[in-house]
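Structural description and commentary
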Amino acid sequence: MVTMPKDGTPGRRGPLDRLEVAFDDGRAVANAGLLLPATLAQQFELEALCDRVVNLGRRAGAARPGRKLMTLVHAILAGADSIDDCDLLRAGASGQLLGHRVMAPSTLGTFLRAFTFGHVRQLDRLCELALTRAWAAGAGPGSAPMVMDLDSTICEVHGYKKQGAGFAHTRVRGYHPLLATRAQTGEVLHVRMRRGQANTMRGAERFVRELSGRVRRAGARGQLTIRADSGFWATRVIEALQQHQIRFSISVRTGNKGIAGAIAAIPDADWTPIDYTAGGEAEVAETLYKELRLIVRRTRLVGAQAELFPDWRHHAFLTDRAGSAIMLDADHRQHAVCELAIRDLKAEGLAHCPSGRFAANAAWAVIAALAHNLVRWVSAIGLESTGQVVGETIRRRYLCLPGRLTRSGRRRRLHLPRHWPWAEGFLAALERLRAVALRA
């Protein structure tokens, strides 16, 4: 038992100064809401699935990868952003709600350091199978169209002992992973860690081909569409999308000589005004560039501030999608929703890359994506949410929930705070998640 020593310092004392503190409750649960994602992981049999898919051979830390992976996933959901933080799951009775044995941080560190590039690909396969099971349980798009956003981000690191870290175009030391997210829900459909110096385009063609196969095997049967910024504008990427019958809208650099010439050739009569922010105006037009639709939006300020930027500024993208230029321009601007998923991912596991080894951090990124998706699946299946999910909101309302575990008459009961504002939603979600069954 750990207690706070009595302070005999004279002076003014309030009621909180007379409160005794003792770390002695073995039944307390710090993050009782982890019961929701743990229940869904149990229904999907993720631990057994990991034991079957991830094979580290004779390496140190290779035994029982399933329970180590699930410890990392649940620790990330509880707010861990380093290996040492995973120890929070061993406090009180927290581990009894997870459905697996909680492993020590030292064991988890050995486990992550055992990964190579090929083993990380095994984790990719595990995430694909988890995605398949989640979509079969009702979280998937089915035969409806699905829009995917392709982007990259910088995961900042500090120090000089992070293998593979370096400076990219942002002049920030870190890693430069590729991500593909589902626009409607924020799920991470695919993630690939890259070295810090990697160009945005590096590995994009292969990534797109892998992404197409993953979502098709997972159960997406409708029309697929990818949105991306100008960092992914390349002939080989467009050819890969066309070969896999994926529609696309990809931003282009208007400073390019060919693009600038095509924009300059658009007649003034073709520009159509659209709604824009106060103090500015915008117009949309389209033309052809290498047999693809080139849709251009031009903007400028009006009023007194217009003297600062008197000329039009152009924003353009190539697409093979059907629809009016105005509608497609508005939809392409929605590509920014991928930043919401990246924000949540960085607020969770990717807030920190915990290892000095590149492959270990690559494995951590895939595990963080799995934890990120579990929150989305709990929301879609348990809470019956149909749109974008703010991860912090779900954690605050349903996961980071204090509780106490008791046993009476051979029955265990989890006691949660009375008058919790979201208690009804929690219980309804738990009932729905327990009803999830794997489909053959």
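A quick note: this is a predicted structure, and the numbers were derived from the prediction, not measured.

What counts as what
Residues numbered from 1 in each chain as written. Predicted model: local features only at pLDDT ≥ 70, side-chain atom pairs only at ≥ 80, totals over all residues. Heavy atoms only, no water. pLDDT = per-residue confidence, 0-100. Helix = DSSP H or I, 4+ residues; strand = E, 2+ residues; numbered from the N terminus. Pairing = 2+ DSSP bridges. 1 Å grid on protein atoms, 1.4 Å probe; cavity = no way out; pocket = protein on both sides within 12 Å on 5 of 7 lines; lining within 4 Å. Points joined across faces, edges and corners; volume = space filled by probe spheres on them.

Okay, the confidence of the model for the chain next. The pLDDT averaged across the chain works out to 91; a share of 95% of its residues lies at or above 70. No element of the chain has a lower mean pLDDT than strand 1 (residues 2-3), which averages 62, and none a higher one than strand 10 (residues 224-228), which averages 98.

So, about the sheet that holds strand 6 (residues 166-167). Sheet strands pair by backbone hydrogen bonding; their relative direction is either parallel or antiparallel. A sheet is described by the order of its strands in space; here three strands give the open sequence 5-7-6, paired in antiparallel fashion. The sheet is open, and its two edges are formed by strand 5 (155-156) and strand 6, each paired on a single side. Pairing between strand 6 and strand 7 (residues 173-175): two bridges, direction antiparallel. Paired with G166 across the strands is G174, a residue of strand 7.

All right, on to empty space enclosed by the protein then. Counted according to the given criterion, the structure contains two cavities of 30 Å³ or more. In this structure, the largest cavity spans a volume of roughly 80 Å³. As for the largest cavity, its lining consists of D124, C127, L131, V188, L189, H190, V191, R214, V366, A369 and N373. Residue assignment for the lining of the largest cavity shows that the elements contributing at least two residues are helix 5 (117-139), strand 9 (188-192) and helix 11 (358-382). If one sorts the elements of the lining of the largest cavity by residue count, strand 9 sits on top with four residues. A volume near 40 Å³ is recorded for the second largest cavity. The wall of the second largest cavity is formed by V29, N31, L34, L89, S94, L97 and L98.

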